[in-house]
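# Residue-level structure breakdown
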Amino acid sequence: MLRLEAVRAAYGPVEALRGIDLEVGAGELVCLLGANGAGKSTTLRAISGLVRPTAGRIVFDDRAITGAEPSAVLASGIAHCPEGRRVFPHLTVEENLAMGAYVRRDREGIAQDLERVCTHFPILGERRRQAAGTLSGGEQQMLAIGRALMARPRLILFDEPSLGLAPTVVETTFAIIADIRRQGTTVLMVEQNAYLALQMADRAYVMETGRIVLSGRARDLMNDEKVRRAYLGG
Ligand SMILES: Nc1ncnc2c1ncn2[C@@H]1O[C@H](COP(=O)(O)OP(=O)(O)OP(=O)(O)O)[C@@H](O)[C@H]1O
Ligand SMILES: [Mg+2]
């Protein structure tokens, strides 16, 4: 479904991606692990069009999306749930959700999905006219996920969805991601909680300084000596 071929990207003189090859099959949940600064977020940003690759190709459903505008990537079926949630604090919950559907034109479908998201996340339903900035961290994460779903994506990119959340909220967040995947949406996820991520994922890639250094079935990586030492605490 998604394929990255030798993708490179840089921030000015800093080369953040040094040739990334990665694949995500339809219906898979794939996770991307790696230390701080390895290039995980940049990989997701390159896919969603927020960072323009300097070399390589990104193919989604057999169409090249390399260097496409974020709105075009979203319209093609890829939604990005960014690091740090990034909801619009001064807009209401409902307005934030509506923003997620900005590339869609089917008004009725959008209204239906808004109700669906509010039913799925009751807390968002209860607070729909409240400014997003007044929500707790966990609630903002729900909102960020709900907003991504409003695009009716076929592929969702999650960047550290559990970061800064209380343990019980982390559990809820992962349950929601598992649920999204069960309903047929493909998931590519960056997560610093390698243990939880590998338990849930089909396959994983490990990044180091802009390169993929290891990849395989999540189950196998969980038993890999190097992965255990570096990411699972021994
Ligand atoms: N906006 C930016 N401007 C300049 N350099 C950046 C920018 N964003 C990231 N970088 C650099 O690019 C490299 C990759 O960063 P990236 O954010 O992709 O890493 P990451 O794996 O997501 O790390 P983390 O686990 O800390 O989120 C790092 O060296 C980082 O310092
Ligand atoms: Mg990051």
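Basis of the calculations
- Residues numbered from 1 in each chain as written.
- Chains lettered and ligands numbered in written order.
- Predicted model: local features only at pLDDT ≥ 70, side-chain atom pairs only at ≥ 80, totals over all residues.
- Heavy atoms only, no water.
- Pairing = 2+ DSSP bridges.
- Helix = DSSP H or I, 4+ residues; strand = E, 2+ residues; numbered from the N terminus.
- Buried < 20%, exposed > 50% of the residue type's maximum accessible area, 1.4 Å probe, protein only.
- Contact = heavy atoms within 4.5 Å.
- Near = heavy atom within 4 Å.
- Polar contact = N/O pair within 3.5 Å; in protein donor to acceptor, adjacent residues only side chain to side chain.
- Areas by Shrake-Rupley, 256 points an atom, 1.4 Å probe, with all protein chains shown as cover.
- 1 Å grid on protein atoms, 1.4 Å probe; cavity = no way out; pocket = protein on both sides within 12 Å on 5 of 7 lines; lining within 4 Å.
- Points joined across faces, edges and corners; volume = space filled by probe spheres on them.
- Nonpolar A, V, L, I, M, F, W, Y, C, P; charged D, E, K, R; others polar.

This brings us to the pairing of strand E4 (residues 55–60). Pairing between strand E1 (residues 2–11) and E4: five bridges, direction antiparallel. Counted as the bridge partner of Leu2 is Phe60 from E4. Here E4 runs beside strand E5 (residues 63–64); their pairing, made up of two bridges, is antiparallel. Across the sheet, the residue bridging to Phe60 is Arg63, located in E5.

On to the pairing of strand E8 (residues 186–190), then. Of all five residues in E8, five are buried; the element is thus mostly enclosed. Burial along E8 is two-sided: Thr186, Leu188 and Val190 facing one way and Val187 and Met189 facing the other are all buried. Pairing of strand E3 (residues 29–34) with E8 involves four bridges; the strand directions are parallel. If you follow Cys31 over to E8, its bridge partner there is Met189. As defined by bridge partners, strand E7 (residues 155–159) adjoins E8 across five bridges and the pair is classed as parallel.

Let us now look at the side chain of Thr42. Here Thr42 is to be found in helix H1 (residues 40–48). For Thr42, the residues in contact, after removing those within four places along its chain, are Ala9, Tyr11, Ala16, Leu17 and Val51.

Turning next to the site of ligand 1. Around ligand 1 sit 13 residues in total, of which Gly37, Lys40, Ser41, Thr42 and Glu83 are the nearest. Between ligand 1 and Asn36 there is a distance of 3.2 Å, counted from an oxygen atom to a side-chain nitrogen or oxygen. Here an oxygen atom of ligand 1 sits 2.8 Å away from a polar atom, N or O, in the side chain of Glu83. Notes on ligand 1: free accessible area 630 Å², of which the protein chains cover 62%. The element best represented in the shell around ligand 1 is H1, accounting for four residues.

Another aspect to go through is the layout of surface pockets. Quantified by volume, the largest pocket comes out at close to 540 Å³. Every residue lining the largest pocket is counted, 23 residues in all, and those nearest its centre are Ser48, Leu50, His80, Pro82 and Arg147. If you list the elements that add at least two residues to the lining of the largest pocket, you get H1, helix H2 (70–76), strand E6 (78–81) and helix H6 (137–149). Ranked by residue count, the leading element in the lining of the largest pocket is H2, at four residues. Of the residues belonging to the lining of the largest pocket, the class tally is 13 nonpolar, five polar and five charged. Here the second largest pocket is characterised by a volume of approximately 260 Å³. In terms of lining, the second largest pocket is formed by Arg116, Val117, His120, Phe121, Leu149, Arg152, Pro153, Ile176, Asp179, Ile180, Gln183 and Thr185. Going through the elements one at a time, helix H4 (107–120) and helix H7 (167–182) are the ones with two or more residues in the lining of the second largest pocket. Taken together, the residues of the lining of the second largest pocket sort by class into six nonpolar, three polar and three charged.

The analysis is restricted to geometry; functional conclusions fall outside its scope.
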